[in-house]
Amino acid sequence: MTKIHLLIKKEDIKEEKIADGNKIAVVLDVLLATTTIVSALIDGAKEVIPVLHSKEAIELAKQYQQDECILAGELDAKPIDGFVYPSPTLIRESINGKTLILTTTNGTVALRNSSSANKVYIASMLNNPAVASALQKRSEDQTILIICSGNSGETSLEDFYGAGHLIDCLLKNSEYELTDAAKTAMYFYRGQKDAYEILLDSYVGKLLDKYNQNSDLRVASSKGITSIVPILKDGKVVVEKIYSV
């Protein structure tokens, strides 16, 4: 039976352990990196490139014409000079046909640090059902590692809730062996069905509310609105497939 592990924060990622064995990683950063990535792909982004920091992003952008890419990022939830804030509603206006180069404090770091897995999926509330459908088509001898990006070494309420949502989606059609952490996320999700209120009550959610970014909270709390399944391939996020859910 396929086993599901849950990591609570990106600092728990051990790259050598991910590389060892037949492991699939699923990364969540509900507010906002993976939500922004999925939303950008829905809105027509050519691809998304997650990077570790602004310096890497700026160097990478030099390979593109100005109208071919968008630089987006934050550091410790603060805007970066010369970058679009990584808000799905802001990026939506101009992303169609372009490459999104994205740097965030937690999500893009978690993606990069998970890259040694056999496959890396990008998940959010928007596409958790579709990601679950993709995972259910994998062979049973693989271990699924669900990774919450967290908040700079701390547990993230919204990522934990999002992980519970993904696990709940997985259990609707298949059986899995869950670790205690995975079970805890699942039970938490099943007891708290109002996604918007959970996200609003989180640390990052309160910051977004303070700065009138409730539209991003609404986007991030939208369950199963897309069937796209993005994967990290050769350092770039692309759509692997569109699954019926």
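Reference entry: report on the structure contained in this document. (Residues numbered from 1 in each chain as written. Predicted model: local features only at pLDDT ≥ 70, side-chain atom pairs only at ≥ 80, totals over all residues. Heavy atoms only, no water.)

### A few points about the packing of helix α7 (residues 157-171) against helix α8 (residues 180-191)
A pair of packed helices is captured by two measures, namely the crossing angle of their axes and the spacing between those axes.
Then comes step 1: Contact geometry for α7 and α8: axes closest at 7 Å, N-to-C directions at 95 degrees. Between α7 and α8, the angle falls in the class roughly perpendicular. Across the interface between the two elements, L157, F160, Y161, A163, G164, H165, I167, D168 and L171 from α7 touch A181, A182, T184, A185, M186, F188, Y189 and R190 from α8.
Then comes step 2: Taken together, the residues of the contact of α7 with α8 break down into 12 nonpolar, 3 polar and 2 charged. (Axes fitted to C-alpha atoms, helices over the stretch in contact; angles between N-to-C directions. Helix = DSSP H or I, 4+ residues; strand = E, 2+ residues; numbered from the N terminus. Parallel < 35°, antiparallel > 145°, perpendicular 65-115°, else oblique. Contact = heavy atoms within 4.5 Å. Nonpolar A, V, L, I, M, F, W, Y, C, P; charged D, E, K, R; others polar.)

### A word on helix α2 (residues 33-42)
Each α-helix winds once per 3.6 residues, and so residues spaced three or four apart point in a common direction.
Then comes step 1: In terms of burial, α2 is a largely internal element, 9 of the 10 residues being buried.
Then comes step 2: Every buried residue belonging to α2 is among A33, T34, T35, T36, I37, V38, S39, A40 and L41, and all of these are buried.
Then comes step 3: Of the residues trailing α2, G44 is marked for its positive phi of about 100 degrees. (Buried < 20%, exposed > 50% of the residue type's maximum accessible area, 1.4 Å probe, protein only.)

### Some points on α7
Then comes step 1: Between the first and last C-alpha of α7 there are 21 Å, a value that for 15 residues agrees with the 21 Å anticipated at 1.5 Å per step.
Then comes step 2: By the criterion of burial, α7 is predominantly enclosed, with 13 of the 15 residues buried. (Expected span 1.5 Å × (residues − 1).)

### Regarding the nonpolar core
Then comes step 1: Core analysis: the biggest nonpolar cluster contains 42 residues, and V26, L31, Y121 and I146 have the highest contact counts within it.
Then comes step 2: Broken down by element, the residue count for this core peaks at 7 residues, all from α7.
Then comes step 3: When sequence neighbours within four positions are dropped, the list of residues in contact with L31 reads E158, D159, L199, S202, V204, G205, L208, L217 and A220.
Then comes step 4: Counting residues in each nonpolar core, the second largest holds 29 residues, with L7, A72, A117 and L126 among its members. (Core = buried A, V, L, I, M, F, W, Y, C linked by side-chain atoms within 4.5 Å.)

### A look at the environment of Y121
Then comes step 1: Relative to the assigned elements, Y121 resides in strand β7 (residues 119-123).
Then comes step 2: Considered as a pair, Y121 and V237 are 116 residues apart in the sequence and their alpha carbons are 8.9 Å apart.

### Some words on the pairing of strand β3 (residues 47-51)
Then comes step 1: The buried count for β3 comes to 5 of 5 residues, which makes it a mostly enclosed element.
Then comes step 2: Alternating positions in β3 separate into two faces, E47, I49 and V51 on one and V48 and P50 on the other, with burial throughout.
Then comes step 3: Pairing geometry for β3 and strand β6 (residues 99-103), over 5 bridges, is parallel. Across the sheet, the residue bridging to P50 is L102, located in β6. (Pairing = 2+ DSSP bridges.)

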